[in-house]
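Reading the structure
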Amino acid sequence: MANLVMGFEQRNKYTILNLRGEVVGHIEESGSNIVVRQLLRKRRPFTAQVLSPHGEPLLEIHRPMYLLNSKTVVKDCSSGIDYGEVLQRFHLLQREYDVFTAKEGNLMQSSYVKEWPLSWRFHFCDENDRVCAVVDKSYTMQNFLRDMFGEASVYAVNFANVIVDSDRGMSNVAGS
């Protein structure tokens, strides 16, 4: 409530749902310095964990503080091995990101994102400019009201030309 009334930043928590609306995991932001959080807002450093439905840590997401371009790293919680990273590129008019995945111990660029600043849909394109995934802010009346009167949003992740096991694949992310 303090976040809505006074713009007070607090730790974020998300629930990950499959296509049937069943919980397949959670994302929880770890503690951080409250003063840094209020002063830097979206540019603040953060660490979050992707958890199984039972609360076991699976992945760690880390982004240090940044001014213009951010770098977000994703690691396996049990082994500490990098799964990949996302690098933001500076552009005056667009949001641009390069996505890298780990293959045989090396980071290789797997896709990129170029969207306008207020986009609700983010297309992940491969080296041949083919869309391989889309992250979409689902706007139904219920989600619109949730955005208007709260901090929660619903995003859908869709993979193009990829078979996703609906029991294990992550299809929707709902923030709270």
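Keep in mind it's a predicted model, so treat the numbers as computed, not measured. (Residues numbered from 1 in each chain as written. Predicted model: local features only at pLDDT ≥ 70, side-chain atom pairs only at ≥ 80, totals over all residues. Heavy atoms only, no water.)

Each helix and strand in the chain was counted, giving 3 helices and 12 strands. Sorting the 176 residues of the chain into buried and exposed places 32% on the buried side. A separation threshold of at least 6 residues defines the contact pool for the chain, and within that pool the share at least 24 residues apart is 22%. Accessible area of the chain: about 11,700 Å², with a carbon and sulfur share of 58%. (Helix = DSSP H or I, 4+ residues; strand = E, 2+ residues; numbered from the N terminus. Buried < 20%, exposed > 50% of the residue type's maximum accessible area, 1.4 Å probe, protein only. Contact = heavy atoms within 4.5 Å. Areas by Shrake-Rupley, 256 points an atom, 1.4 Å probe, with all protein chains shown as cover.)

Per-chain confidence: the chain averages 79 in pLDDT, with 74% of residues scoring 70 or above. Taking the mean pLDDT of every element in the chain, the minimum, 42, falls on strand 12 (residues 172-175) and the maximum, 95, on strand 4 (residues 57-63). Below pLDDT 50 for its whole length, residues 162-176 participates in 42 contacts with residues either more than four positions away or in separate chains. (pLDDT = per-residue confidence, 0-100.)

To continue, consider a nonpolar patch on the surface. Where nonpolar side chains cluster on the molecular surface, the patch consists of Leu 39, Leu 40, Met 65, Leu 67, Leu 68, Phe 90, Leu 92, Leu 93 and Trp 116 and spans about 1,100 Å² of accessible area. Within the secondary structure layout, Leu 68 lies in the loop between strand 4 and strand 5 (71-76). (Patch = residues over 30% accessible without salt bridge, like charges linked within 9 Å, V, L, I, M, F, W, Y side chains within 5 Å. Salt bridge = Lys/Arg side-chain N within 4 Å of Asp/Glu carboxyl O.)

Here we take up the side chain of Arg 63. Locating Arg 63 in the fold gives a position in strand 4. Of the buried charged residues, Arg 63 lacks a salt bridge, with Glu 29 as the closest side chain of opposite charge at 6.9 Å. Engagement of the side chain of Arg 63 in a polar contact is seen with the backbone oxygen of Arg 44, the distance being 2.7 Å. (Lys, Arg positive; Asp, Glu negative; His and termini not counted. Polar contact = N/O pair within 3.5 Å; in protein donor to acceptor, adjacent residues only side chain to side chain.)

Another aspect to go through is the nonpolar core. As a rule of thumb, nonpolar side chains are buried together in soluble globular proteins. By size, the foremost hydrophobic cluster in this structure holds 8 residues: Ile 16, Val 24, Ile 27, Phe 46, Ala 48, Val 50, Leu 59 and Ile 61. Those elements that provide at least two residues to this core are strand 2 (23-29), strand 3 (46-51) and strand 4. Looking at which element gives the most residues to this core, the answer is strand 3, with 3 residues. (Core = buried A, V, L, I, M, F, W, Y, C linked by side-chain atoms within 4.5 Å.)

What follows concerns the pattern of salt bridges. Counted by the stated rule, this structure contains 8 salt bridges. Here Lys 71 and Glu 85 are joined by a salt bridge, their closest N and O atoms 3.9 Å apart. Of the two residues, Lys 71 sits in strand 5 while Glu 85 sits in strand 6 (residues 82-89), which places them 14 residues apart along the sequence. Given a relative accessible area of 12%, Glu 85 falls into the buried group. A salt bridge links Arg 89 to Asp 98, with the nearest nitrogen and oxygen atoms 3.0 Å apart.

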